[in-house]
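Notes for the structure review
The chain contents come next:
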Amino acid sequence: MSIMSYNGGTVLAMAGEECVCIATDLRFGEQMTTVATDKKKVHKVSDKVYVGLAGFSSDARTMLEKIMFRKNLYELRESRKIRPKVLGEMISNLCYQHRFGSYFTEPLVAGLDPDTHKPYICAMDTIGCIASPRDFVAVGTGQEYLLGVCESYWRENMKADELFEATAQSMLSCLERDAASGWGAVVYTITKDKVNVSTIKARMD
Amino acid sequence: MGHKAPRLTSTGTTIVAAAYKGGLVMGADSRATAGNIIADKHCEKVHKLTESIYACGAGTAADLDQVTKMLSGNLRLLELNTGRKARVITALRQAKQHLFNYQGYIGAYLLIGGVDPTGPHLYMCSANGTTMAFPYTAQGSGSYAAITILERDFKPDMTKEEAESLVQRALEAGMHGDNASGNSLNLVVIEPTATVFKGPIIPDFCKRPEPNDLEYKFNKGSTKVLKQKAYKYDIVESMDISH
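Residues numbered from 1 in each chain as written. Chains lettered and ligands numbered in written order. Predicted model: local features only at pLDDT ≥ 70, side-chain atom pairs only at ≥ 80, totals over all residues. Heavy atoms only, no water.

1. Focus on the sheet that holds strand β13 (residues 225–232) of chain B
- Here we have 6 strands laid out as an open sheet, ordered β10(A)-β1(A)-β2(A)-β11(A)-β12(A)-β13(B), and antiparallel in their pairing. Two strands in the sheet have a free side with no partner beyond their single neighbour: β10 (136–140) of chain A together with β13 of chain B. Going from strand to strand, the sheet's axes swing by 15 degrees on average, the running direction of each strand aside.
- Here 7 bridges tie strand β12 (residues 194–200) of chain A to β13(B), and the two strands are oriented antiparallel to one another. (Pairing = 2+ DSSP bridges. Helix = DSSP H or I, 4+ residues; strand = E, 2+ residues; numbered from the N terminus. Axes fitted to C-alpha atoms, helices over the stretch in contact; angles between N-to-C directions.)

The structure is reproduced here in structure tokens:
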């Protein structure tokens, strides 16, 4: 079994009109055993910038610490808030520094530009190859299921509440077929004046 | 024993380039794959090194991004230090020496081409540092399909239109015959006076079969929410965000 699916977990981000959604499941496992059911893989980096880290959990945590360290230094040096695109590039470079011994985690960035409120989403592989489409990105054990279902559920210029429903339903469909993810999901809806954090009812098996 | 390595994003590409009278056309498809998953439908594989030198890449996607980023940085510094335009052979040598140092472990397969004061040039650079010069060539997993078109239709001293159409047809052959190539294509036409970038071009066979009348629309509140909390942003007056 690959180290990428040792702990399991899935993260999904979708872009709408001046809003983004980022969703995570809550399972933390060791192969087929579920160890914890409250493990969020999405982390707040800044007011309107969130990062998701799927894959091997210890590496995800180490990576998060390195990301926060670099982001804090950036904001102190530049005395302004970090933009999601800059954060994506920063994480990509961090990943590529470990090209020949990578952290086994696939990062995902979702957020709004602090000034223009333009949505930005990106995902990358373990060595930092950025994919930044305009619609949706997914990482983790349920990636394959999500990409298929999102292709149908995503529409152009969705408003925050439509986007939330599309993201939540995509995530639930994914959890239905991915044994390594599940035990509920949390969806963060980031808009220009607030962040809505919703815990979704899902199957608990 | 040991673990299986994580699946990296590969460009799994078709890249094509051909020289014509006084210029060069280069092009690439835009699909990035991770195994059988299409990881990115519109990834940029035509990288700008300088105003008149471009590189198309096949292989490990992260390596290509980083190697071309390094090359464009170094070439820009060279141009500023010398006050001249960089030459294609310089870009090639920097690439091959870097890749040779890493003994092929940096999985970048490049087509480096452009126009400099010594004329139009096209080179191919392998991950292990091997380089060759060509009048026309293709690389990547779709190169076998693409090269057949080039071998059949290439002739020396073509016009710009002929060369552009040839490269596009070769790319379409690659996108058609190779599962790891497709979605759309990008072209760049380099001439001594001007460089024109064209794309993304979506060939007919890459479009979705029929317009999707079917829409999945969820009514507001159709997802069962257990807990919800809204966080309003704090307004920080001391921070200057007016860059």
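2. Concerning the interface of chain B and chain A
- Contacts between the two partners involve 47 residues from chain B, matched on the other side by 51 residues from chain A.
- Both sides together, the interface formed by chain B and chain A hides about 4200 Å², and carbon and sulfur atoms give 57% of it.
- Ranking the residues of chain B by area buried against chain A places F218(B), T223(B) and Y233(B) at the top, with a combined share of 17%.
- For the pair chain B and chain A, the number of links is 5 salt bridges.
- The partner of K41(B) in a salt bridge is E151(A), with the nearest N and O atoms 2.8 Å apart.
- Applying the counting criterion to the chain B and chain A interface returns 17 residue pairs in polar contact (both at pLDDT 80 or more).
- Those elements giving two or more residues to the side of chain B that touches chain A turn out to be β4 (37–40), α1 (61–82) and β13 of chain B.
- At 8 residues, β13(B) tops the list of elements feeding residues into the side of chain B that touches chain A. (Contact = heavy atoms within 4.5 Å. Buried area = accessible area lost by both parts, 1.4 Å probe. Salt bridge = Lys/Arg side-chain N within 4 Å of Asp/Glu carboxyl O. Polar contact = N/O pair within 3.5 Å; in protein donor to acceptor, adjacent residues only side chain to side chain.)

3. Some words on the environment of G119(B)
- On the secondary structure map, G119(B) appears in strand β8 (residues 119–125).
- Judged by relative accessible area, G119(B) falls into the buried class, the value being 17%. (Buried < 20%, exposed > 50% of the residue type's maximum accessible area, 1.4 Å probe, protein only.)

4. Some thoughts on the side chain of T14(B)
- Here T14(B) shows up in the segment before β1 (15–20).
- Reaching out from T14(B), the side chain makes a polar contact with the side chain of S181(B) at a distance of 2.8 Å.

5. A short note on the pairing of strand β11 (residues 185–190) of chain B
Residues and elements named next belong to chain B.
- Within β11, 6 of the 6 residues are buried, which leaves the element mostly enclosed by the surrounding structure.
- Side chains of β11 alternate between two faces, with L185, L187 and V189 and N186, V188 and I190 buried alike.
- Across 6 bridges, strand β2 (residues 23–29) lies against β11 in antiparallel orientation. Within β11, the position partnered with V25 by the bridge is V189.
- Judged from the 5 bridges that link them, β11 and strand β12 (residues 195–201) form a sheet pairing that is antiparallel. Looking across to β12, one finds that L185 is bridged to I201.
- Following β11, the chain reverses through 4 residues before pairing antiparallel with β12.

6. Looking at helix α3 (residues 143–153) of chain B
Residue and element names in this part refer to chain B.
- Along α3, the residues that are buried comprise S143, A146, I149 and L150. The arc enclosing the buried residues of α3, seen along the axis, measures out at 125 degrees, which places them on a common side. Turned more than 90 degrees off the buried face of α3, the exposed positions are Y144, E151 and R152. (Arc of directions from axis to C-beta.)

7. Points about helix α2 (residues 84–97) of chain A
- Helix length check: α2(A), at 14 residues, gives a terminal C-alpha distance of 20 Å against a target of 20 Å (1.5 Å per residue), a fit within 8%.
- Among all positions of α2(A), only P84(A), L87(A), G88(A), M90(A), I91(A), S92(A), L94(A), C95(A) and Y96(A) are buried. (Expected span 1.5 Å × (residues − 1).)

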